[in-house]
Amino acid sequence: MKNTNLFGRISLFIIYFWFGFLKVIGISPAETLVQNLFTETFGNPIDFQVFCLGFGLFECFIGAIWLFPKLTKYAFYLLIFHMVTTFLPVLILPDATWQTWFTPTLVGQYIIKNFALISLGMFIWKEWKSNPSLNLDPISQ
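These notes cover the structure that comes with them.

Quick notes on the rules
Residues numbered from 1 in each chain as written. Predicted model: local features only at pLDDT ≥ 70, side-chain atom pairs only at ≥ 80, totals over all residues. Heavy atoms only, no water. Buried < 20%, exposed > 50% of the residue type's maximum accessible area, 1.4 Å probe, protein only. Core = buried A, V, L, I, M, F, W, Y, C linked by side-chain atoms within 4.5 Å. Helix = DSSP H or I, 4+ residues; strand = E, 2+ residues; numbered from the N terminus. Contact = heavy atoms within 4.5 Å. Polar contact = N/O pair within 3.5 Å; in protein donor to acceptor, adjacent residues only side chain to side chain. Axes fitted to C-alpha atoms, helices over the stretch in contact; angles between N-to-C directions. Parallel < 35°, antiparallel > 145°, perpendicular 65-115°, else oblique. Left-handed = near helix turned anticlockwise from the far one by under 90°.

Concerning unusual backbone geometry
Of note in this structure, Phe 102 is not a glycine but carries a positive phi near 65 degrees. Here Phe 102 falls in the exposed class, since its relative accessible area comes to 66%.

Have a look at this one:
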């Protein structure tokens, strides 16, 4: 299980850091979706480019903390928070996420696959909580 846990952590790091970095450098294929959701939910209180940079850095941060077992609790909570925000387009931007009933667009499929990331995060978190050798967080002891 130790190797599986490590592979899961590295996988979450790669996915989060890579997708976040694409936003940081301004070439993310999800940028249009993020901008539409940003406009629909926040309006324009700040410049979108500043928001997108911050959002990308936030995703990079989430990825990086998955590499540190003692930060598992925080990584998991941030993953859940992030996943809630990634599901918003399904409700707020239905034209972007659904072709017809139960037929997601490519964007919708991109969002739905996040259930696998949630599952992986839950697996790592549960393993971390039940294995004292992985539980290095002084707050939980």
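A closer look at the nonpolar core
Leu 12, Tyr 16, Ile 62, Ile 65, Trp 66, Ala 75, Phe 76, Leu 79, Met 83, Leu 117, Ile 118 and Ile 124 form the largest nonpolar core, which has 12 residues in total. At the level of elements, α1 (2-24), α3 (48-65), α4 (72-92) and α7 (114-130) are the ones that each hand at least two residues to this core. If one sorts the elements of this core by residue count, α4 sits on top with 4 residues. In this structure, Phe 76 is in contact with Trp 66, Gly 121, Met 122 and Trp 125, ignoring residues within four places of it in sequence.

Quick word on the side chain of Ser 11
Take Ser 11: it is sitting in helix α1. Reaching out from Ser 11, the side chain makes a polar contact with the backbone oxygen of Phe 7 at a distance of 2.8 Å.

Comments concerning the packing of α4 against α7
Running from amino to carboxyl end, α4 crosses α7 at an angle of 160 degrees, the nearest separation of the two axes being 10 Å. In terms of orientation, α4 and α7 fall into the roughly antiparallel class. Crossing hand, α4 versus α7: left-handed. Across the interface between the two elements, Thr 72, Lys 73, Phe 76, Tyr 77, Leu 79, Ile 80, Met 83, Thr 86 and Phe 87 from α4 touch Asn 114, Phe 115, Leu 117, Ile 118, Gly 121, Met 122, Ile 124, Trp 125 and Trp 128 from α7.

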